[in-house]
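Here are the chains, one letter per residue:
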Amino acid sequence: MASKPGILTDWPWKPLGSFKFVILSPWIAHSIYSFIWIERDPTYYLNFPYIFLRMLHNQIWISISRYQTAKGKGRIVDKGLEFEQVDRESNWDDQILLTAIVLYTMHTIFPISANLPWWRTDGVILTTILHAGPVEFLYYWLHRALHHHFLYSRYHSHHHSSIVTQPITAVIHPFAEMLAYFVLFLIPLSTTLFLNKSSVAAIYGYIFYIDFMNNMGHCNFEFFPKKLISYFPLLKYLSYTPSFHSLHHTKFRSNYSLFMPIYDYIYGTVDTSTDATYEACLKRQEESPDVVYLTHLTTLDSIFQLRLGFASIASNPQTYKWYLTLIYPFTMCSLLITWISGHAIVLENNTFKDLKLQCWLIPRFKTQYFSKRHSTTVKKLIEETIMKAELSGVKVKELNAHCALYIERVPQLKIKVVDGSSLVAATVLNSIPTGTIQVLLRGKFNKVALAITNALFRQNVQVTVLYNDEVNELERTLTSSNRSISLSPINTPKIWLVGDEWNEDEQLQASEGSFFIPFSHFPPKQMRKDCFYHYTPAMITPTALVNLHSCENWLPRRRMSVWRIAGIIHALERWNVHECGNTIFDVEKVWEASIRHGFKPLNTPHKLE
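(A) Just the overall build of the chain, in detail. Scanning the chain for helices and strands turns up 25 helices and 15 strands. Buried residues in the chain amount to 55% of all 609 residues. The contacts in the chain between residues at least 6 apart in sequence include a share of 69% that link residues at least 24 apart. Surface accessibility of the chain: about 27800 Å² in total, with carbon and sulfur atoms responsible for 62%. Averaging the locations of the 57 positively and 49 negatively charged side chains of the chain gives two centres separated by 3 Å.

Put into structure tokens, the structure is as follows:
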């Protein structure tokens, strides 16, 4: 929102929310009817599928931009995105809806727009000339006017709230400002139409050009080849670069041009650092992080939850969304890609204090990651990423499986591998309500479960299980002396500590008001409305952790799993040891360190809605 919102700030269909595209339903229905029963007018029936092509085009730019800026190569502005910007830019498809309305309206009002040819050379040339002349010239002076304090505070400041741009930042404007831009863009479209020189290629090609240049100018990484400009010197005046427009967002009073910098050069408003910034960004190489967190996909829909996926989905906790079923074929394609993809990719970058952090994605889903059939492939992928991180100078790499044997084989490894088990145990222990005297332990008895049990014994808290064979298994592996595991009726304990591989149907027999605290990566299925469920082990991140604008799976905003936090703490404390296999740190020591560095425990548990 602008600092002093003017008239026509809000888009007229804002109250419709995600159902705003129903406005087009009469036109879409009629175009389909006409296509089947009357005549196939390409300027009419192509409008609807072109909406989806434009959305796909924008999404491709979003994913590429976020991937490139995560790696650091060619990155222009180093500041991070935040949730506030993601929310502000969530209506980026409003301009696509407006374009469709304009095209449908023109087709309805002006019969001359029907049955246009697919191509007319003179019309394409005229469109190009009209854009380079009137559109670029008028936009330049309109843009300068929008930077006058009166219009800037009421309209254009909304766009400039994004110092760090991403492709869709280009179309984030108040409704009135976007109408002004549309009037300019209609100059080539309407002129060629009324001169009977328009064509399908001219209309949709011009719209594609606008989308492409908008996305390129706001992508926040420089890739425009220097050789191309050296071969064609005039290109410097005919096409801006991402760094050219990025300077407008950081300096505000220079580089006003739309796509062609020629008018900035004519009127002397080119930023003096334009050429230096361009060359510096081109020379910028991939960053070498201090800490790398290795993760993998969970459910099929989690591909859209990634930072590289849908921005509005990734910025909220992962939940069921009905509309993702509409793109299920694409979801299945992502599954096929994981079968043939053989390398981890950079997913996210953050900074915290003096550390550079990255998250790398193993392109495997949960079922593949933990299956015996794919075990060899996954181990190979992990070993390759460890070596890649070693060569990149990474200090700490965070893993949760398949690492201990590799470290034994390569004892000279400089990188330290951390699975975060000690912080997981500490987080679970600090989630148990004060005054608790009895807990029920369910699930696989891994080293986290054993660490929790030993710590509870030291606190004089009784640990119970449901079956005799579990009693024998735990007592055989516990380190605390003079302690025993007790059997308990399933409906007696109020506090349940639950891990992997437990029978979740046991929830149905729990007493009312029971509190389920998971110590696994994945949350239990919530089957009771009269019970409480905690999140998987996680903490609230400090505000100093920068560029955190996507949610980690099902966790709320700015909550981070402690498996990921553990590696950060490890690097900050400069603990020069591994934590994997059977090794586990002092849980009290690692908890105190995480609190000292600004991480906070999560809030009270929640009920199933």
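Additional details are given in the paragraphs that follow.
(B) Just the pattern of salt bridges, in detail. For the coordinates displayed, the defined rule picks out 25 salt bridges. Of the charged contacts, one joins E287 and R284 as a salt bridge, the two residues approaching to 3.4 Å between their closest N and O atoms. The exposure class of R284 is partly exposed, given its relative accessible area of 22%. A single salt-bridge network, built from bridges that share partners, covers R75, D78, R284 and E287.

(C) Quick look at the side chain of T99. In this structure, T99 sits in helix α5 (residues 94-109). According to the relative accessible area criterion, T99 is buried, its value standing at 10%. Looking at T99, its side chain comes within polar contact range of the main-chain oxygen of Q95, at 2.7 Å. Ignoring sequence-local partners within four residues, the contact set of T99 consists of R54, F182 and I207.

(D) Expanded view of the packing of helix α21 (residues 421-429) against helix α22 (residues 447-458). α22 packs onto α21 with a crossing angle of 45° between their chain directions and a minimal axis gap of 9 Å. It follows that α21 is oblique to α22 by the angle criterion. Considering how the two elements wind past one another, α21 and α22 form a crossing that is right-handed. Between α21, through S421, V424, A425, V428 and L429, and α22, the contact on the second element is made entirely by K447, V448, A451, I452, A455 and L456. Split by residue class, the contact of α21 with α22 holds nine nonpolar, one polar and one charged.

(E) A look at the pairing of strand β10 (residues 515-518). Of the two faces of β10, both are covered, the one formed by F515 and I517 as well as the one formed by F516 and P518. Note that strand β9 (residues 495-498) and β10 share four bridges and pair parallel. In the sheet register, I495 faces β10, and the bridge partner there is F515. Pairing analysis gives two bridges linking β10 to strand β11 (residues 532-533), with the strands arranged parallel. In the sheet register, F516 faces β11, and the bridge partner there is Y533.

(F) A look at α5. Compared with the 22 Å implied by 1.5 Å per residue over 16 residues, the 22 Å span of α5 between its first and last C-alpha is a close match. Within α5, 13 of the 16 residues are buried, which leaves the element mostly enclosed by the surrounding structure.

(G) Fine view of the packing of aromatic side chains. Applying the stated rule across the entire model yields 31 aromatic pairs. Both rings, one in W496 and one in W502, keep their centres 6.1 Å apart while their planes meet at 55°; by these two values the pair is tilted. Each member of the pair, W496 together with W502, is buried. Against the face of F150 rests R154, its NZ or CZ located 3.9 Å from the ring centre.

(H) Structural detail: the nonpolar core. One finds I452, L456, L497 and I568 to be the most contacted residues of the largest nonpolar core, which totals 62 residues. With near-sequence residues (within four places) excluded, L497 lies in contact with V428, I432, V439, L440, L441, R442, I452, L456, I517 and F519. In terms of nonpolar packing, the next biggest core, distinct from the first, is built from 51 residues, L116, I168, Y204 and Y278 among them.

(I) Quick peek at the state of the cysteines. Evaluated as defined, the whole model comprises zero disulfides. C219 carries a free sulfur, and the closest cysteine sulfur to it, the one in C281, is 10 Å from it.

(J) Main features of the environment of V587. By the element assignment, V587 lies in helix α25 (residues 587-596). Here V587 falls in the buried class, since its relative accessible area comes to 10%. Here the alpha-carbon distance between V587 and S421, two residues 166 residues apart in the chain, equals 8.8 Å. If we ignore the near neighbours within four places in the chain, the residues touching V587 are S422, A425, A426 and L429.

(K) Layout of the pairing of strand β3 (residues 355-362). Counting buried positions over the eight residues of β3 gives seven, a clear majority of the element. Pairing of strand β1 (residues 291-296) with β3, which is carried by six bridges, proceeds in the parallel orientation. Among the inter-strand pairings, Y293 is bridged to a residue of β3, identified as C359. In the sheet, strand β2 (residues 345-352) pairs with β3 via seven bridges, with the strands oriented antiparallel. If you follow I345 over to β3, its bridge partner there is L361. Two successive antiparallel strands, β2 and β3, enclose a turn made up of two residues, where K353 displays a positive phi of approximately 55°.

(L) Region of interest: helix α19 (residues 375-391). Over its 17 residues, α19 runs 24 Å from end to end, which matches the ideal 24 Å to within 8%, given 1.5 Å per residue. Three or more residues of α19 are buried, namely S375, V378, L381, I382, T385, I386, A389 and E390.

(M) Fine view of unusual backbone geometry. With a phi close to 60°, N196 is a non-glycine residue in the positive phi region. Tracing the backbone shows N196 in the loop between α8 (175-194) and α9 (200-217). Positive phi is not limited to glycine here, since N220 has a value of about 65°. Residue placement: N220 occurs in the loop between α9 and α10 (226-231). The buried category is assigned to N220, whose relative accessible area is 4%.

(N) Highlighting the sheet that holds strand β14 (residues 600-601). Taken in spatial order, the three strands of this open sheet run β13-β12-β14, and their pairing is antiparallel. At either end of the open sheet lies a strand with only one pairing partner, and these are β13 (559-561) and β14. Pairing of strand β12 (residues 538-540) with β13 involves three bridges; the strand directions are antiparallel. In the sheet register, A538 faces β13, and the bridge partner there is S561.

Definitions and cut-offs
- Residues numbered from 1 in each chain as written.
- Predicted model: local features only at pLDDT ≥ 70, side-chain atom pairs only at ≥ 80, totals over all residues.
- Heavy atoms only, no water.
- Helix = DSSP H or I, 4+ residues; strand = E, 2+ residues; numbered from the N terminus.
- Buried < 20%, exposed > 50% of the residue type's maximum accessible area, 1.4 Å probe, protein only.
- Contact = heavy atoms within 4.5 Å.
- Areas by Shrake-Rupley, 256 points an atom, 1.4 Å probe, with all protein chains shown as cover.
- Lys, Arg positive; Asp, Glu negative; His and termini not counted.
- Charge placed at Lys NZ, Arg CZ, Asp CG, Glu CD.
- Salt bridge = Lys/Arg side-chain N within 4 Å of Asp/Glu carboxyl O.
- Polar contact = N/O pair within 3.5 Å; in protein donor to acceptor, adjacent residues only side chain to side chain.
- Axes fitted to C-alpha atoms, helices over the stretch in contact; angles between N-to-C directions.
- Parallel < 35°, antiparallel > 145°, perpendicular 65-115°, else oblique.
- Left-handed = near helix turned anticlockwise from the far one by under 90°.
- Nonpolar A, V, L, I, M, F, W, Y, C, P; charged D, E, K, R; others polar.
- Pairing = 2+ DSSP bridges.
- Expected span 1.5 Å × (residues − 1).
- Phe/Tyr/Trp six-rings, centres within 6.5 Å; stacked < 30°, edge-to-face > 60°.
- Lys NZ or Arg CZ within 6 Å of the ring centre and 35° of its normal.
- Core = buried A, V, L, I, M, F, W, Y, C linked by side-chain atoms within 4.5 Å.
- Disulfide = S-S within 2.5 Å.

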